[in-house]
Amino acid sequence: MVKRFAGRVVLVTGAGSGIGRAYCDRFVEEGARVVAVDIDERKVQTVGAALGDSCVAVQADVTSAQDNERAVAAAVDSFGRLDVFVGNAGVFDGFLGLAHTDNEQLEKLFDPVFAVNVKGYLLGARSALPKLLDSGGCMVFTASSAGSHTNQGGLIYTMAKHSVIGLIRELAYELAPKIRVNGVSPGGTFTDMRNAVSLGQDFGDDRSVFDAPGMGDFIAASTPLQRINDTADHAAVAAFLASSEAAGITGVVVPSDGGYAIRGATGAAGGGDL
Ligand SMILES: NC(=O)c1ccc[n+]([C@@H]2O[C@H](COP(=O)([O-])OP(=O)(O)OC[C@H]3O[C@@H](n4cnc5c(N)ncnc54)[C@H](O)[C@@H]3O)[C@@H](O)[C@H]2O)c1
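Report follows, based on the coordinates.

Reading the values: the criteria
Residues numbered from 1 in each chain as written. Predicted model: local features only at pLDDT ≥ 70, side-chain atom pairs only at ≥ 80, totals over all residues. Heavy atoms only, no water. Helix = DSSP H or I, 4+ residues; strand = E, 2+ residues; numbered from the N terminus. Expected span 1.5 Å × (residues − 1). Bend = angle between axes of the 7 residues up to and from the residue. Polar contact = N/O pair within 3.5 Å; in protein donor to acceptor, adjacent residues only side chain to side chain. 1 Å grid on protein atoms, 1.4 Å probe; cavity = no way out; pocket = protein on both sides within 12 Å on 5 of 7 lines; lining within 4 Å. Points joined across faces, edges and corners; volume = space filled by probe spheres on them. Nonpolar A, V, L, I, M, F, W, Y, C, P; charged D, E, K, R; others polar. Axes fitted to C-alpha atoms, helices over the stretch in contact; angles between N-to-C directions. Parallel < 35°, antiparallel > 145°, perpendicular 65-115°, else oblique. Left-handed = near helix turned anticlockwise from the far one by under 90°. Contact = heavy atoms within 4.5 Å. Buried < 20%, exposed > 50% of the residue type's maximum accessible area, 1.4 Å probe, protein only. Pairing = 2+ DSSP bridges. Right-handed = clockwise from strand over helix to strand, strands pointing away. Near = heavy atom within 4 Å. Areas by Shrake-Rupley, 256 points an atom, 1.4 Å probe, with all protein chains shown as cover. Core = buried A, V, L, I, M, F, W, Y, C linked by side-chain atoms within 4.5 Å. Patch = residues over 30% accessible without salt bridge, like charges linked within 9 Å, V, L, I, M, F, W, Y side chains within 5 Å. Salt bridge = Lys/Arg side-chain N within 4 Å of Asp/Glu carboxyl O. Lys, Arg positive; Asp, Glu negative; His and termini not counted. Charge placed at Lys NZ, Arg CZ, Asp CG, Glu CD.

Things to note about helix α4 (residues 103-135)
Think of an α-helix as 3.6 residues a turn; residues three or four steps apart then line up on the same face. For α4, which comprises 33 residues, the first-to-last C-alpha distance of 46 Å matches the rise-based estimate of 48 Å (1.5 Å per residue) to within 8%. Approximately 45° is the largest bend angle found in α4, and it occurs at L129, with the proline P130 only one to four residues beyond. A side-chain oxygen of the first residue of α4 lies 3.2 Å from the backbone nitrogen of E104; this N-cap is D102. Looking one or two residues beyond α4, the residue adopting positive phi is G136, at roughly 70°.

Written out as structure tokens, the structure reads:
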């Protein structure tokens, strides 16, 4: 594999499993050293052990400014620099809609979902900024098909992911020409993704979102390419956006979703009779 990140240092939040873990693997395969950040100590230490000298594992909560500062400091202390900040940590909202929640549930769910999925990205970007200015680095964020389509999450997750698209676009404007800011927008992908409760965030249950019966069939059937992208597919997109091959690209969010945007008027996946 081409070593596009030789000598570079990449910080990935939500690195303990799923898409964030795949990002770490991909960046290391391409020569980077990574700082793997996750709230789950056990998961992040597993990543650190697997990636050896190429990785420093940091247990940190992305909703805390202090923890984000500590994670960036770990990059500098361990590897002397920071070139790429990847905001990725996220939690789900249990597919809940307005009519299926009362005020108490809405208040309980809004804060943790926005705190991790939106404020976490904002605080991470703020902490990484000085070091990215030093290195001429860039930022990549994991958005979601829920950032531009309906019915990919519940109401609050969808609102949060729309905010992530706003964050990417506004930061790209604000930080140009020095720092590029882009996003990857995965469609449904089998990961360890949890509703907000399981990390002590007090809502829902402790199963992965993808433990729901029939989830795989549902995703594949509603995807034009009739394929469920895996975490490595998204990592390939993130690595491209973070690489110098994307030197002319900022403010974009690349769908990595098997073609949701070209579904037909009834939501049908299309094709299939060729
Ligand atoms: N899986 C999908 O279908 C899908 C689709 C679109 C977008 N996404 C997005 O991808 C990103 C990664 O999710 P995933 O699917 O890989 O799920 P995942 O649960 O496997 O990974 C998310 C990681 O974030 C960590 N995390 C949660 N709260 C945290 C906090 N406060 N501080 C630090 N770490 C925290 C979790 O411990 C976990 O390791 C999320 O932003 C998610 O919204 C996922």
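Notes on the layout of surface pockets
Think of a ball as big as a water molecule: rolled over the atoms, this probe shows where empty space is left. As a volume, the second largest pocket reaches approximately 180 Å³. Looking at the second largest pocket, it is lined by 15 residues, and the ones nearest its centre are R8, G136, G137, R180 and A242. Grouping the constituent residues of the lining of the second largest pocket by class yields five nonpolar, five polar and five charged.

Considering the packing of helix α1 (residues 18-29) against helix α7 (residues 231-242)
Direction vectors running N to C along α1 and α7 enclose 55°, while the axes themselves pass 8 Å from each other. In terms of orientation, α1 and α7 fall into the oblique class. The way α1 lies across α7 gives a crossing that is right-handed. Facing α1, whose interface residues are G18, I19, A22, Y23, R26 and F27, α7 presents T231, A232, H234, A235, A236, A238, A239 and A242. Residues belonging to the contact of α1 with α7 are distributed by class as follows: 10 nonpolar, three polar and one charged.

Details of α7
In this model α7 runs 16 Å from its N-terminal to its C-terminal C-alpha over 12 residues, within 8% of the 16 Å that 1.5 Å per residue would give. Taken residue by residue, α7 has T231, H234, A235, V237, A238, A239, L241 and A242 as its buried positions. Along its buried surface, α7 packs onto α1, β4 (84-87), β5 (138-142), β6 (180-186) and β7 (253-256). The N-cap of α7, judged by a side-chain oxygen 3.1 Å from the amide nitrogen of A232 a few residues on, is D230.

Structural notes on the pairing of strand β2 (residues 33-38)
Summarising burial for β2: five of the six residues are buried, a large majority. Bridging between strand β1 (residues 9-13) and β2 involves five bridges; their strand directions are parallel. Residue V9 lies in a different strand from β2, and its bridge partner there is R33. In this fold, the crossover linking β1 to β2 by way of α1 has right-handed handedness. With five bridges joining them, β2 and strand β3 (residues 55-59) adopt parallel strand pairing. Bridging from a neighbouring strand, D38 pairs with Q59 of β3. Assessed by its sense of winding, the connection that carries the chain from β2 through helix α2 (residues 41-51) to β3 is right-handed.

Some remarks on the site of the ligand
Looking at the ligand, there are 31 residues lining it, with S17, D38, N88, Y157 and T191 nearest. Interatomic distance of 3.0 Å between a side-chain N/O atom of K43 and an oxygen atom of the ligand. Here M193 contributes a backbone N or O atom positioned 3.3 Å from an oxygen atom of the ligand. Within the complex, the protein chains bury 98% of what would otherwise be the 810 Å² of accessible surface of the ligand. Elements represented by at least two residues in the shell around the ligand include exactly α1, α4 and α5 (155-175). Broken down by class, the residue content of the shell around the ligand amounts to 14 nonpolar, 12 polar and five charged.

What to know about the packing of helix α3 (residues 65-79) against α4
Where α3 meets α4, the axes come as close as 9 Å, and the angle between the chain directions of the two elements is 40°. Where α3 crosses over α4, the handedness of that crossing is right-handed. Of the residues in α4, those in contact with A65, N68, E69, V72 and V76 of α3 are G120, L123, G124, S127, A128 and K131. Residues that form the contact of α3 with α4 fall into these classes: five nonpolar, four polar and two charged.

Things to note about the nonpolar core
Side chains that are nonpolar tend, in soluble globular proteins, to be buried together. The biggest cluster of nonpolar side chains holds 30 residues, and the ones touching the most others in it are L11, L82, M139, F141, L171 and V181. In terms of residue count, α5 provides more of this core than any other element does, seven residues in total. For F141, the contacting residues outside a window of four places in its chain are F85, G87, Y121, A125, V164, L167, I168, L171, V181, N182, G183 and V184.

A short note on the environment of F240
Mapping F240 onto the fold places it in helix α7. Beyond its immediate chain neighbours, meaning those up to four positions away, F240 contacts R4, E245, A246 and I249.

Considering a negative patch on the surface
A grouping of D102, E104, E107 and D111 is seen on the molecular surface, where their side chains present a negatively charged patch. Mapped onto the elements, E104 comes out in helix α4.

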